[in-house]
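Next come the chains, spelled out residue by residue.
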Amino acid sequence: MKHVLVGAMGTEMIAPYVLEYTYRRSVGPVLGRFLAALREARVEGARTHSGKVIVPPTEYDPDSGEAVADMVEVGQVGVVTAWAWMGEPMRNQPLDKPFAWALVKLDGADTAMLHAVDAGSPERMASGMRVRIRWRQQREGSIRDIECFEPEAA
Amino acid sequence: MADPIKVVKIPIHLDFQVLAGRDYARFLTAIAEGRFVGRRCPSCKKVYVPPRGACPTCAVVMGEEVPVADRGCVTTFCVVNVPYEGQTMKLPYVYASNLLDGADIPFPHLITGIEAKDVRMGLRVKADWLPAAERKPTMESVRWFTPTGEPDAPYDSYKDHL
């Protein structure tokens, strides 16, 4: 721990401390397929035996516990179901200017997924608004292949 | 479609600014000067090293600052044999709770200068300081603790501090 002596009395000590884990994790066949589709600028969800489409996909139906039936493609535009404004973005967040965290239910999905909406200002955000995916140019099979969402009207 | 993705990187990175606080700052200032200090609880009379503002057992404001020796004995210890991410010490190495003379709470630090298999409860050890010119207000000013060569401390002298 490095030290820096600060404070008017010279008695305050503040030191920077970085806690870092360079995790890598295996994703399994369902997420593996979801991420591969993102690389191709498509979104897939898991369909349960009861017909519910879960995005991002889970391996099991959260209601019944059964394995999901298959994977289906969903739309690239959806509805904001909830949002919160991030006025001071932190490092590594989707955008480096103020944005909205939002839950977005893509057309064809029965669940909402978390991502960022580049609305410009909180006045332009509203639950119920339609947003579409802005794909990243270089994609690698990551949730970040979706750079963010933007208002459909824009 | 192309092959599914198998592995993703999920790095975690947290940037903290840690404020030492008054007591820990005084402790580190003393460390830079080559000495240990603690504080005594006015209720249970125990000397805590490093010092803190309130007694963790009695929940009262700590009393006077007291000097504590830079030597004492090993109470409990562990021998690290398994490599881990971020490891800097060569294996095996020993980390011990050292009861410094004058303190009631053991102080954790590395033990060197002795084979891991020979470390034992009661082993008398002393701090190995960096030269004065290199010391700073950080625990890195104490490299480790090494055996003094004195006879082992009797169990009764530290059994209530385990």
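Residues numbered from 1 in each chain as written. Chains lettered and ligands numbered in written order. Predicted model: local features only at pLDDT ≥ 70, side-chain atom pairs only at ≥ 80, totals over all residues. Heavy atoms only, no water.

K.L.:
Break down the interface of chain A and chain B for me, with residues and values.
P.N.:
Tallying the contact residues gives 32 residues for chain A and 28 residues for chain B. At the boundary of chain A with chain B, total buried surface from both sides reaches about 2,600 Å², with 59% on carbon and sulfur atoms. Inspection of the chain A/chain B interface yields one salt bridge. Between D15(B) and R91(A) there is a salt bridge, and its shortest N-O distance comes to 3.9 Å. Where chain A packs against chain B, one counts twelve residue pairs in polar contact (both at pLDDT 80 or more). Put simply, the parts of the chain that give the side of chain A that touches chain B at least two residues each are β2 (12-26) and α1 (28-39) of chain A. For the side of chain A that touches chain B, the element with the highest residue contribution is β2(A), accounting for 15 residues. Per-class residue counts for the side of chain A that touches chain B are 14 nonpolar, seven polar and eleven charged. Judged from the 13 bridges that link them, β2(A) and strand β1 (residues 7-19) of chain B form a sheet pairing that is antiparallel. Within β1(B), the residue paired with T22(A) across the bridge is P11(B). (Contact = heavy atoms within 4.5 Å. Buried area = accessible area lost by both parts, 1.4 Å probe. Salt bridge = Lys/Arg side-chain N within 4 Å of Asp/Glu carboxyl O. Polar contact = N/O pair within 3.5 Å; in protein donor to acceptor, adjacent residues only side chain to side chain. Helix = DSSP H or I, 4+ residues; strand = E, 2+ residues; numbered from the N terminus. Nonpolar A, V, L, I, M, F, W, Y, C, P; charged D, E, K, R; others polar. Pairing = 2+ DSSP bridges.)

K.L.:
Could you give an account of unusual backbone geometry, with specific residues and numbers?
P.N.:
Note that the residue after V49(B), namely P50(B), is joined by a cis bond; omega there is -5 degrees. Among the secondary structure elements, P50(B) is positioned in the loop between β3 (47-48) and β4 (65-68). Residues L91(B) and P92(B) are joined by a peptide bond in cis, for which omega reads -10 degrees. Inspection of the secondary structure assignment puts P92(B) in the loop between β5 (71-80) and β6 (93-100). Here A41(A), not a glycine, exhibits a phi torsion of approximately 60 degrees, which is positive.

K.L.:
Give me the pattern of salt bridges: which residues, what numbers.
P.N.:
Scanning the entire structure with this criterion turns up 25 salt bridges over all chains. The partner of D63(A) in a salt bridge is K52(A), with the nearest N and O atoms 3.3 Å apart. Highlighted residues: D63(A) in the loop between β4 (53-54) and β5 (70-74) and K52(A) in the loop between β3 (43-47) and β4, separated in sequence by eleven residues. The exposure class assigned to K52(A) is partly exposed, which follows from its relative accessible area of 26%. Taking the shortest distance from any N to any O, the salt bridge between R26(B) and E65(B) comes out at 2.7 Å. One end of the pair, R26(B), is in helix α1 (residues 21-32); the other, E65(B), is in strand β4, and 39 residues separate them in sequence. Classification of R26(B) by relative accessible area gives partly exposed; the value is 48%. By sharing partners, the salt bridges in this structure join K97(A), D118(A), R132(A), R134(A), E147(A) and E150(A) into a single network. (Buried < 20%, exposed > 50% of the residue type's maximum accessible area, 1.4 Å probe, protein only.)

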